[in-house]
Amino acid sequence: MNDSAIVLTLAAAVAAGTPLALAALGELLTERAGVLNLGVEGMMLLGAVTAFLVGDATADPWLGLVTGMLTGGALAAVHAFLSVTMRANQIVAGLALVIFGTGLSTFLGQPVEGRPLTARITTAAVPVLADIPVAGRILFQQDLVVYATWALVLAATFYLTRTRAGLSLRAVGESPATADAMGVRVAATRYAHTIAGGLLAGAGGAYLILARVPSWSQAATTNGVGWIALALVVFSSWRPLRLLAGAYLFGAALRANFALQAAGVRGIPAEVLALLPYLLTIAVMIGLSFSDLRRRAGAPAALGLPYVRDER
Amino acid sequence: MSGQSASGARRSGADAASSAEAPVVEARGVGKVFPGVTANAGVDLAVRRGEVHALLGENGAGKSTLASILCGLYQPDEGTVLVDGRPVTLRNPRDGLARGIGMVHQHFRLVERFTVAENIVLGDRRQPLVLSAGRVRSAMVELGERYGLSIDPDARVGDLAVGEQQRVEITKMLYRGVDVLLLDEPTAVLTPQEADALFTTLRAMAADGKAVVLISHKLGEVLAVADRVTVLRDGRVVGAVAADATDRHQLATMMVGREVDLSPRRAQSPPGVAVLDVRGVSLRPPGRPARLAGVSLQVHAGEVVGVAGVAGNGQRELAEVVAGLRAPTEGTVVVAGRGTTGRGARAARGAGLAYVPEDRLGTGLAPSLSIADNLLLTRPLGFFVDRRTATADARCVIERFDVKATGPAAAVRGLSGGNVQKVLLGRELSDSCTVLVVASPTRGLDVGAIEFVRDLLDERRRGGVGVLLLSEDLDEIRALADRILVLFEGRIVLERAGGDADLTELGLAMAGAGA
Ligand SMILES: Nc1ncnc2c1ncn2[C@@H]1O[C@H](COP(=O)(O)OP(=O)(O)O)[C@@H](O)[C@H]1O
Ligand SMILES: [Mg+2]
């Protein structure tokens, strides 16, 4: 039972959904502050390549993870500077981040292209819980990052709904003028959450290379997961718990080969299913460009808008 | 009408403010320049504890800018702000709040998706890191009782009416413990009743030793509620006077910078033939109370008939029936001898009726169209639009009515309230009409524009037009009307000649207690 195709598929979906969940959670925090960072893919790639290099050199995957987070955060800081301080067009700034992140990781990854990584994040089964039939195999025979993701999602939910800082964060995303008038530091809040978003995107990228992809390969590492993360934030209506569920759903779709076999479906090529997250992403991105749809989907009202105090 | 009830409570708080004590907040020589405009120049203002201090000035005089400087939102380009006699630098509203200065902006600073309670605790660093709802609730109840501000803490702010949202704004500031509350044109969005309630709240705050700065361009409310008045014009202080040592006339002159004549105007010659005849008009929507019940009135050439009434008592419906926008359930409307009952706005206009609705940008004008296009709306249009004449007409109106706009192509949406009204009046009055229906024509305008509009209506009257003037504002009615009718719950309950109408009698009739 525990090794049935369905159970294995679900377990794989959780693992495949984790980098997505991390990156999307980061973007969720960023967007809740009213900053749109389309550069997730760039931050993930840079996080992945630096995690690989450090993990390879030190043989310590955790050091790699931390490095990946920091580089993701650094790239996000650039975005915060451009969009908060310089009030640049956030879409353009975000796309620039993708181009920069991709370019830099190609450059850094060139010498190690195709090289396998031996320092890896490995499975750490939770004692007792891992022995529960079915659920234990799906949920508790994973690695520490998977468990940490759950903790982060719960913490983010609590943070957003129950804490003083979470209230200020939401106000900054909904109405920065109000937050400002009430004494909330709008720019600082936006910086902090944009950078937090970068740290998580970097973690997502690092996790991909440290736990999922066996060797460094620019094209095969992120596979556009950063773009899917953007769509996932919208699907979740900017709520962490829904986001996690969505991530696992997309994770299952990304593992379409498995999933189809498991379901015993024939006739539909696995490629079609694997395409689904990308198609959905494109649809969501188009939908998002209509401000009315954005509002109805529950987007923060000031998403993507710079705040200028002296303006009427 | 508004503010009368609060005036009794006045002065009680002012005694608490001894003149020896340093002003709680003061501006000295404050200047602020925006690209192309000097919003404030050399402004001095001193506000004491226990007083309601009015900041009076026409639109664009620099009132909001000054208040924004005092609360820390804007930094002055020159001059200093003093709190309790000591110079301070307020870098942002957070600094202002820390020193006990809070502002209720004209465009509310509220997060619509948040509940009332969430809006109130937002940014408050005294709250525990993990929020608890209980503390806010009990504080809100207490503030609500003390100042007459009751609101449901769990309501979503976006679902509240403007009057309630304003109470949230005030509660928010009181909860933050401000000593100085600046309110930017708070009555602009309120009904007269809500305004009275607000004034009671403000007086209660002053009586508690707080300082209230009330920004306004309405003379009546300033005189009714303030202890002292500082008048701004073109970014400079024209003078500061005690409210009981001044009057409307003096304030209006200071504000506008020239003599303004707001004295009542009446017909000089006896009225002519009836140009508007309304007989037995009723409006009974099925299953709901009647909006109008057997209203009959006549307007003669060269006469202004004023219809007073509290909003919701049928004035709007009456205006719409007369203008042909609604068909009455019973009764007839005759415009210049032609029956127009229920035949639509076009028929009424064809018979010589012009209509200036109260809702200027909703019903009166198309906000996103240009001035020229708006003027075209009531003209008979051929297949092709004659742009050249339209533009020339628009130029004409802009010039004659002194509309502040970039030109005939300017969108009406971008104009200030007074200029919007001028465009509307320009369109309705330049037609050769015999009957003019106007609803609250001076509502929201500043004194200079009010004088202008009154002059215009008076001029039309002398030109032989019959004017039906509907308004909630008794000052407005009494300033122009030759005859006054009071509408209450869809019936005419009182009729008086304009000259000898008694304010109390009219007020009581409007409230349904008269006759
Ligand atoms: N943020 C701003 N940017 C540019 N000009 C402004 C700004 N705020 C106000 N002004 C200009 O400064 C002048 C004073 O404006 P304001 O203080 O809003 O006047 P009031 O509140 O008395 O109507 C006006 O001419 C207005 O157009
Ligand atoms: Mg103003």
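Our subject in this report is the structure included herewith. The written sequence of each chain sets the order in which its residues are numbered from 1. As they are written, the chains are lettered A onward and the ligands numbered 1 onward, keeping that order. Since the coordinates come from a predicted model, pLDDT governs what is reported: local features require at least 70, and pairs of side-chain atoms require 80 or more to be given and counted, while whole-chain, interface and lining totals use all residues. No hydrogens and no water enter the side-chain calculation; it runs on all heavy atoms of the structure.

## Examining the side chain of Ser68(B)
Residue and element names in this part refer to chain B. Definition in use: The way it works is that DSSP assigns letters per residue, a run of H or I at least four long becomes a helix, a run of E at least two long becomes a strand, and they are numbered from the N terminus. Burial classes: relative accessible area under 20% of the type maximum marks a residue as buried, over 50% as exposed, and values in between as partly exposed (1.4 Å probe, protein chains only). Any two residues whose heavy atoms approach within 4.5 Å are treated as being in contact.
Looking at the secondary structure, you find Ser68 in helix α2 (residues 63-70). Owing to a relative accessible area of 5%, Ser68 belongs among the buried residues under this scheme. When sequence neighbours within four positions are dropped, the list of residues in contact with Ser68 reads Leu73, Tyr74 and Met103.

## Section: a nonpolar patch on the surface
Residue and element names in this part refer to chain A. Put simply, the rule reads: Each patch groups residues whose relative accessible area exceeds 30% and which form no salt bridge, using 9 Å between like charges and 5 Å between nonpolar side chains of Val, Leu, Ile, Met, Phe, Trp and Tyr. All accessible-area figures derive from a Shrake-Rupley calculation using a 1.4 Å probe, and residue coverage is judged against the displayed protein chains alone. By salt bridge we mean one thing: a side-chain nitrogen of Lys or Arg within 4 Å of a carboxyl oxygen of Asp or Glu.
A surface patch of nonpolar side chains, amounting to about 820 Å² of accessible area, comprises Phe235, Leu275, Leu276, Leu279, Leu280, Ile282, Ile286, Phe290 and Leu293. Its location among the elements puts Leu280 in helix α14 (residues 270-288). The exposure class of Leu280 is partly exposed, given its relative accessible area of 33%.

## Quick notes on the pairing of strand β10 (residues 236-242) of chain B
All names here are of chain B. Spelled out, the test is: The criterion for strand pairing is that DSSP finds at least two bridges linking the strands in question.
In terms of strand pairing, strand β9 (residues 228-233) meets β10 through six bridges, oriented antiparallel. Directly across from Val229, in β10, lies its bridge partner Val241. In textbook terms, the turn of a hairpin is the stretch between consecutive antiparallel strands, and for β9 and β10 this stretch comprises two residues, one of which, Asp234, has a positive phi near 50°.

## Quick word on the interface of chain B and chain A
Threshold: Buried area is a sum: the accessible area each of two parts loses on coming together, probed at 1.4 Å, counted once for each and added. N or O atoms within 3.5 Å of each other form a polar contact, as long as, within protein, one can give a hydrogen and the other can take it, and as long as residues adjacent in sequence are counted only when both atoms are side-chain atoms. Polar here means any residue outside two lists: the nonpolar Ala, Val, Leu, Ile, Met, Phe, Trp, Tyr, Cys and Pro, and the charged Asp, Glu, Lys and Arg; Gly therefore counts as polar.
Between chain B and chain A, the contact holds 33 residues from the first and 26 residues from the second. Around 2,400 Å² of area is buried between chain B and chain A when both sides are counted, 57% of it from carbon and sulfur atoms. Considering only the side of chain B, the residues that lose the most area to chain A are Arg94(B), Arg113(B) and Leu122(B), jointly responsible for 26% of the buried surface there. Linking chain B with chain A are two salt bridges. Taking the shortest distance from any N to any O, the salt bridge between Glu118(B) and Arg170(A) comes out at 3.4 Å. For the pair chain B and chain A, the interface holds 13 residue pairs in polar contact (both at pLDDT 80 or more). For the side of chain B that touches chain A, the secondary structure elements donating two or more residues are β1 (25-34), α3 (93-98), α4 (116-121) and α6 (162-175) of chain B. Of the residues belonging to the side of chain B that touches chain A, the class tally is 16 nonpolar, seven polar and 10 charged.

## Here's the deal with the environment of Gly47(A)
All names here are of chain A. The residue Gly47 is located in helix α2 (residues 40-58) in this model. When the C-alpha atoms of Gly47 and Thr149 are compared, they prove to be 17 Å apart, with 102 residues separating the residues in sequence. Once you skip the residues sitting within four places of it in the chain, Gly47 turns out to touch Gly68, Thr71, Gly202, Gly205 and Ala206.

## Remarks on the state of the cysteines
Every disulfide links exactly two cysteines, by a covalent bond between their sulfur atoms. In plain terms, the rule: Our working definition of a disulfide is a cysteine sulfur pair at a distance within 2.5 Å.
Counted under the stated rule, the structure contains zero disulfides over all chains. Left without a disulfide partner, Cys396(B) is nearest to the cysteine sulfur of Cys433(B), which lies 16 Å away.

## Points about the packing of helix α11 (residues 225-235) of chain A against α14(A)
Residues and elements named next belong to chain A. How we decide: What counts as an axis is a line fitted to C-alpha atoms, over the stretch in contact for a helix, and the angles between N-to-C directions run from 0 to 180 degrees. Angles are sorted into four bins: roughly parallel if under 35 degrees, roughly antiparallel if over 145, roughly perpendicular if 65 to 115, and oblique for all others. Handedness of each helix crossing follows the sense of rotation of the near helix against the far helix: counterclockwise by less than a right angle gives left-handed, clockwise gives right-handed.
Contact geometry for α11 and α14: axes closest at 9 Å, N-to-C directions at 60°. The pairing of α11 with α14 is recorded here as oblique in orientation. In this structure, α11 crosses over α14, and the sense of that crossing is left-handed. Of the residues in α14, those in contact with Trp227, Ile228, Leu230, Ala231, Val234 and Phe235 of α11 are Pro277, Tyr278, Leu280, Thr281, Val284, Met285 and Leu288. Here the residues of the contact of α11 with α14 sort into 12 nonpolar, one polar and no charged.

## Some remarks on the sheet that holds strand β3 (residues 52-56) of chain B
Residues and elements named next belong to chain B. Reading across the sheet, the six strands line up as β6-β7-β8-β3-β9-β10 and stay open at both edges, with mixed pairing between neighbours. The open sheet has two free edges, formed respectively by β6 (101-104) and β10, since each of these has just one partner strand. Across the sheet, the axes of successive neighbouring strands diverge by a mean angle of 20°, strand direction being ignored. As paired strands, β3 and β9 are joined by four bridges and run parallel to one another. Within β9, the position partnered with Ala54 by the bridge is Val229. Contacting β3, β6, β7 (180-184), β8 (211-216) and β9, α2 runs over the sheet at an angle of about 145° to β6. Of the strands in this sheet, β3, β9 and β10 touch helix α9 (residues 248-256), which is tilted by about 30° from β9.

It is worth stressing that arrangement in space is one thing and function is another; only the former is reported here.
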